[in-house]
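As a plain string of letters, each chain reads:
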Amino acid sequence: MAFRRCVVSLEVLDDARADFETGDLVDVVNGDATMVIAALGSASPVELGLWLRVDEQRPAALAARDLATLSHLVHFGVVVIAAQVDCRAQADAVRALLSADEVNFSNEVATLRGAYNRPAPAWPLEVVSSDGVTIFRGDDRWVLRARDARPWGEVLSYGP
């Protein structure tokens, strides 16, 4: 399996849509990727994935809330939690919050006690992580193998 990350800006998103393939990870560089997936969801002929940056502006707890809400609006594939620091820990925090149960969780980036994130996602979400160069899914790793410039942005391909 490989991952394709489509890096696109809002201004040319309509141009990029025709090139999207099933499973592509949409990475919006100048907008909210969850809002873009919500807008594209019903209009897209293929199921897309989401490349979601987590940082001080959008911590893991907010990302989890956005993903859970988005899952009730549109079906989407894999979610990559991208972070420059502790990407795996950030993804672990997001995963912990994608539950209807009380969350008690602690790691390098989050401490949650008696936390809830409701509504829970409409279906189980697959959350993986990336530092930008490598995508981590459990013990498996996919590294950046190729870059392909497009008129609307760039396609980055990750492989084993």
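Residues numbered from 1 in each chain as written. Predicted model: local features only at pLDDT ≥ 70, side-chain atom pairs only at ≥ 80, totals over all residues. Heavy atoms only, no water.

A. Molecular detail of the sheet that holds strand β9 (residues 140-150). Spatially, β1-β2-β3-β4-β7-β8-β9-β10 is the arrangement adopted by the eight strands of the closed barrel, whose pairing is mixed. Averaged over neighbouring strand pairs, the angle between their axes works out to 30 degrees when direction is ignored. Here four bridges tie strand β1 (residues 3-8) to strand β2 (residues 25-28), and the two strands are oriented parallel to one another. Counterpart to Cys6 in the pairing with β2 is Val26. Contacts from helix α4 (residues 87-97) reach β4 (79-82), β7 (127-130), β8 (134-137) and β9, with the element oriented near 160 degrees to β7. (Pairing = 2+ DSSP bridges. Helix = DSSP H or I, 4+ residues; strand = E, 2+ residues; numbered from the N terminus. Axes fitted to C-alpha atoms, helices over the stretch in contact; angles between N-to-C directions. Contact = heavy atoms within 4.5 Å.)

B. How the structure looks around the pattern of salt bridges. In this structure the tally under the stated criterion is 13 salt bridges. Between Asp24 and Arg4 there is a salt bridge; the shortest N-O distance is 2.8 Å. With Asp24 in the loop between α1 (13-17) and β2 and Arg4 in strand β1, this residue pair connects regions lying 20 residues apart in the sequence. Comparing Asp24 with Arg4, the two get one shared label, buried. The partner of Arg95 in a salt bridge is Asp92, and the shortest N-O contact between them spans 2.6 Å. Of this pair, Arg95 and Asp92 both sit in helix α4, three residues apart, which is roughly one turn of the helix. A relative accessible area of 34% means that Arg95 is categorised as partly exposed. By relative accessible area, Asp92 is classed as partly exposed at 35%. Residues participating in the shared-partner salt-bridge network are Asp32, Arg58, Arg65 and Asp66. (Salt bridge = Lys/Arg side-chain N within 4 Å of Asp/Glu carboxyl O. Buried < 20%, exposed > 50% of the residue type's maximum accessible area, 1.4 Å probe, protein only.)

C. Region of the structure containing the side chain of Asp24. Take Asp24: its relative accessible area is 2%, and that puts it in the buried class. Of note is the side chain of Asp24, whose polar atom sits 2.8 Å from the side chain of Arg4. (Polar contact = N/O pair within 3.5 Å; in protein donor to acceptor, adjacent residues only side chain to side chain.)

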